[in-house]
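Descriptive structure summary
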Amino acid sequence: MEIRKGIPVSPGYAVGEAFILDTEEVRIPRRQVRPEEVEPEVVRYRVARDASVGDLEESLRRMQKKAGLSMGIVEAHIAMLKDATIAKDVEDFIRRSRANAEYAVSQAVRRQSKKTLATNSPIAPEIVRNMLDAERQLLHKLLGKREESLSTLSGGVVVFAHDITPSQAALLDPKKVLALVTEIGGKTSHTALLARERGIPAVVGLEVITQDVAGGDTVIVDGSAGQVIINPDEETLKVYLAMGKNFRSSQAEVQSKYRNLPAQTKDKEPVRILANIEKPGEIPAAIDNGAKGIGLYRTEYLFFGARGSFPTEEDHYDAYLEAVQQLGGREITIRTLDAGADKVNVDDGQHERNPFLGCRGIRLCFERGDLFKPQLRAILRVSSRGKVKIMFPMVATVDELRQAKGILEETMDELRREGQAFDEKVPVGIMVEVPAAAILADRFAPEVDFMSLGTNDLIQYTMAVDRGNERVASLYQPSHPAVLRLIRTVIAEGQKHGKSVAMCGEMSGDPVFVTLLLGMGLSEFSVVPNVIPAIKRIVREVTIKEARELAAKALTMHDARQIYDMLAEHARRVAPDLVP
């Protein structure tokens, strides 16, 4: 049994079989063969190995006929497959454990990888990469037509990966993915957000975990404490199976009790709780959990996998119309394309040294009118069919806002000339996720209908911390006094100018911060659907007076950790089972 510690990003517990997600997305099965099948399994391994070597040697012969081609990698792969130490390890493991050849190969390669990395040789990482590449080729031979990819998983697995790309994320089925574990990332990395949205336990920032775990290993993921346990003993397995059952039971109880109750404080102050979604298909779950509408509709999913063939105006219109129809009169805030940085990439070949500070969000939309205009036309057309709001992302200056509104007005003029119906008074707002926008909230407020605090990026830029970098994850602090001051400023300016202020960042869905945010005047929370009942529970257990006193105290404190500890202690008193 081996225990690894990472960053907890989505609570819950899972026990299952490891699925190592690499560029080939191959699932390695684990099974025990019958005694009479052991030697045939050894032969099956040898045949697959020889076939792989034969394929590589043929590739090498073809390459030798073409000048200028590097043959070093192919030669390295052949050497790895012929390596006597690894071959003996595989065959011994098959005989000793009566294991299938695929699992034995994976185990042997992981052991050899660890030994290689332990030498601390400067070329060790490259050797291991070649080793893993050779392993994949051999596994393809062994699996043949029985390969199982991420898109065709037949049973529950725990997915291990270096990272999860947006296109891979789109394939994840919560019914089949029991948990997620990645080598990189932080609390608000794409993987973390994805896991929380889908209620999947997750741990990130585990460095070389994909080299330490073999496909088919039994693993435990503790998303609440940030632990991954590899090949647990029977007692540990029993404990975590019970913990998982209790956690799911508690979650179901909270959902059942609070989802249909009104969101109001103990002293009857109303609070609006909406949902964040990526696709119209997530709306039924949002409504079922008690959402009053959609506070953030991320539209980037329409661009997943797009390479030169981007969604048309009709593609946008169909998706938004589906969302509006499912909402049955409830409101929806559609955020225009927020591409760049860690999100979907629509600029092939464009390399930026620091994409987080580069051409992303509204900046990219100004450059790519071919993407921006069709989306605006579609949103406006749908606005005649329901309660639609438009929100611009990554706005840093008033000039940017005015430019975006100017393009919107041009689009309205086009639709008027065409006789297309739309809401002439469609509400327009901005995501406040850049410190400059928060500081100048008094300048923005008069020019918008609403503002929504995107705390994921606001915290990142305020603290100068890459939110996907596990090395500086501890510095990503929602409770930092500077962050709290910015949030208070935006809410206060919204109230002063009579403009609604919401929060759609992860901070609004964290039970630890709910009372603080209420105390600072926030009355609109937009969160992932599955946490709505939990947020309602916190809201219904506190008074506005109590919340204001807590916020006032927090705003006088100087240390982020002390502020967080105070807020967590308060949340535990209010809802002890929601805060570990």
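1. As for the sheet that holds strand β2 (residues 7–10)
Read from one edge of the open sheet, eight strands run β1-β8-β7-β3-β4-β5-β6-β2, paired in mixed fashion. Because the sheet does not close on itself, it has two edges, and the strands there are β1 (2–5) and β2. The mean inter-strand angle of the sheet, taken between neighbouring strand axes irrespective of direction, is 30°. The pairing of β1 with strand β8 (residues 227–230) spans four bridges and is antiparallel. Residue pairing for β8: R4 is matched across the bridge by V228.

2. Some words on the nonpolar core
Generally speaking, nonpolar side chains in soluble globular proteins are found buried as a group. Of all hydrophobic cores here, the largest spans 106 residues; its most connected members are Y297, F392 and I487. Within the second largest apolar cluster, 30 residues are counted, among which are V53, A87, F93 and A214.

3. Quick look at the pairing of strand β9 (residues 272–277)
Extensive coverage of β9 is indicated by the burial of five of its six residues. Here β9 runs beside strand β10 (residues 293–298); their pairing, made up of three bridges, is parallel. Note that in β10 the partner of N276 across the bridge is L296. In terms of handedness, the path from β9 via helix α10 (residues 283–288) over to β10 forms a crossover that is right-handed.

4. Thoughts on the pattern of salt bridges
Note that side chains of opposite charge can pair when their charged atoms are close. Overall, the coordinates contain 38 salt bridges when judged by the stated rule. A salt bridge links K88 to D92; the nearest nitrogen and oxygen atoms lie 2.7 Å apart. Separated by four residues within a single helix, K88 and D92 lie in helix α3 (residues 84–97), roughly one turn from each other. For K88, a relative accessible area of 54% puts it in the exposed group.

Calculation criteria
- Residues numbered from 1 in each chain as written.
- Predicted model: local features only at pLDDT ≥ 70, side-chain atom pairs only at ≥ 80, totals over all residues.
- Heavy atoms only, no water.
- Pairing = 2+ DSSP bridges.
- Helix = DSSP H or I, 4+ residues; strand = E, 2+ residues; numbered from the N terminus.
- Axes fitted to C-alpha atoms, helices over the stretch in contact; angles between N-to-C directions.
- Core = buried A, V, L, I, M, F, W, Y, C linked by side-chain atoms within 4.5 Å.
- Buried < 20%, exposed > 50% of the residue type's maximum accessible area, 1.4 Å probe, protein only.
- Right-handed = clockwise from strand over helix to strand, strands pointing away.
- Salt bridge = Lys/Arg side-chain N within 4 Å of Asp/Glu carboxyl O.

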